[in-house]
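# Analysis of the macromolecular model
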Amino acid sequence: MEFLQPEGWPRPRGYSNGVAASGRMVFVSGMVGWDREGVFRTDDFADQVRQALENVVAVLRAGGAGPEHIVRMTWYVLDKKEYVAAYPAIGAAYRDIIGRHYPAMSAVQVAGLVEDRARVEIEVTAVVPA
């Protein structure tokens, strides 16, 4: 895996501009902040992020991958201001669950998510080296 940083560009915080990788690809559907039983235990944004990231890792493990294999993440959030306000707690949850691995990442504010209680949905692409 190679993290792509164009010469002269400022280093991004918490993500990479791009990633080049080859190997077995693992695609994780959008994970929301419910537990393994499909129950939301909280409506707190940061807590839902923590649970969604734990769900991502569980699916990765089922595919023979780990957080270190993530090359791309897309975050869908209902409220950009809520997302930005939760940066410190999101960062702590991210480092606890994913580690200090920062793939290419996008965050998109959306009008709604399919699950009514979901505040965030995270989808992932991972590449396990051959």
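Our subject is the structure that appears above.
Everything numeric here is computed off the predicted structure, so don't read it as measured data.

Let's shift gears to the pattern of salt bridges. The tally for this structure, following the rule as stated, stands at five salt bridges. One salt bridge connects Arg41 with Asp35, and the closest N-O pair in it is separated by 2.6 Å. Among the salt bridges present, the one from Glu82 reaches Arg119, with a minimum N-O distance of 2.7 Å. Separated by 37 residues along the polypeptide, Glu82 in helix α2 (residues 80–85) and Arg119 in the loop between β5 (104–109) and β6 (120–128) bring together distant segments of the chain.

Glancing now at the sheet that holds β5. In spatial order, the strands read β3-β6-β4-β5; together these four strands make up an open sheet with mixed pairing. The open sheet terminates on both sides in strands that have one partner only, identified here as β3 (24–31) and β5. On average, each strand axis in the sheet is tilted by 10° relative to the strand beside it, whichever way the strands run. Pairing of strand β4 (residues 70–77) with β6, which is carried by seven bridges, proceeds in the antiparallel orientation. Counterpart to Met73 in the pairing with β6 is Val124. Across the face of the sheet, helix α1 (residues 45–62) comes into contact with β3, β4 and β6 while running at roughly 30° to β6.

Conventions adopted
Residues numbered from 1 in each chain as written. Predicted model: local features only at pLDDT ≥ 70, side-chain atom pairs only at ≥ 80, totals over all residues. Heavy atoms only, no water. Salt bridge = Lys/Arg side-chain N within 4 Å of Asp/Glu carboxyl O. Helix = DSSP H or I, 4+ residues; strand = E, 2+ residues; numbered from the N terminus. Pairing = 2+ DSSP bridges. Axes fitted to C-alpha atoms, helices over the stretch in contact; angles between N-to-C directions. Contact = heavy atoms within 4.5 Å.

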